[in-house]
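What follows is each chain in one-letter form.
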Amino acid sequence: MSSQRQQDARRRIELAEQAARAEAQAAQPLIDDFVAEATRRGIEPEPLRATLMSGGTAKTDKHGWYLRKNRSLAIGTDGGYYVLTVPGGRLARLTGVKLQPTPPPMVIGRGGRDGETGDLTEFLQWRLDAG
């Protein structure tokens, strides 16, 4: 690969990372407002479970509210945005998994199937309306 092509590729990666950081900074206040409103309404958080790539499920170290009916995304009581499909096998099923928050997007499921995509605000509102 030529030096110019390498520089261009690095620049595209930098721009994409910068855009993702800006999107997460815009999404976090929406999540913080959601946590406050869910708490105000008395919508109880629940223990979050993760789906392992091996097919099973495992307990996690977090409590929160699921954003998708398939329980693949959640907002934690700590205001973290969690993707609940994680690596792990038999040991993880027994011991549980420690979740790490990921930068929240403004659009959930970008590029996914209909019914599984939408604005973050729509998913947050759906969860508040569900009680």
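Student: Is there a simple way to think about the pairing of strand E3 (residues 73-76) in this case?
Tutor: Two faces belong to every sheet, and in a regular strand the side chains alternate between them. Residues of E3 alternate between two faces, with Leu73 and Ile75 on one and Ala74 and Gly76 on the opposite face, all of them buried. Between the antiparallel neighbours strand E2 (residues 57-66) and E3 lie six residues, among them arginine 71 with a positive phi of about 60 degrees. Summarising the sheet, E3 and strand E4 (residues 81-83) pair through three bridges and their orientation is antiparallel. Paired with alanine 74 across the two strands is tyrosine 82, which belongs to E4. Hairpin geometry of E3 and E4 is characterised by an intervening segment of four residues between the two adjacent antiparallel strands and by a positive phi of about 85 degrees at glycine 79.

Student: In this structure, what is going on with the side chain of serine 72? I would like to understand it.
Tutor: Structurally, the position occupied by serine 72 is in the loop between E2 and E3. Residue classification places serine 72 among the buried residues on the basis of a relative accessible area of 11%. Of note is the side chain of serine 72, whose polar atom sits 3.4 Å from the side chain of arginine 68.

Student: What am I meant to see in helix H3 (residues 120-130) here?
Tutor: It helps to recall that an α-helix has 3.6 residues per turn; residues three or four apart then point in one direction. Buried residues of H3: Leu120, Phe123, Leu124, Arg127 and Leu128, and no others. What you see down the axis of H3 is that its buried residues fit within an arc of 135 degrees, all on one side. Projecting away from the buried face of H3 at angles above 90 degrees are the exposed residues Asp129 and Ala130. In the core, the buried residues of H3 are packed alongside helix H1 (3-41), E2, E3, strand E6 (107-108) and strand E7 (118-119). A positive backbone phi angle near 80 degrees is found at glycine 131, which sits one or two residues after H3.

Calculation criteria
Residues numbered from 1 in each chain as written. Predicted model: local features only at pLDDT ≥ 70, side-chain atom pairs only at ≥ 80, totals over all residues. Heavy atoms only, no water. Buried < 20%, exposed > 50% of the residue type's maximum accessible area, 1.4 Å probe, protein only. Helix = DSSP H or I, 4+ residues; strand = E, 2+ residues; numbered from the N terminus. Pairing = 2+ DSSP bridges. Polar contact = N/O pair within 3.5 Å; in protein donor to acceptor, adjacent residues only side chain to side chain. Arc of directions from axis to C-beta. Contact = heavy atoms within 4.5 Å.

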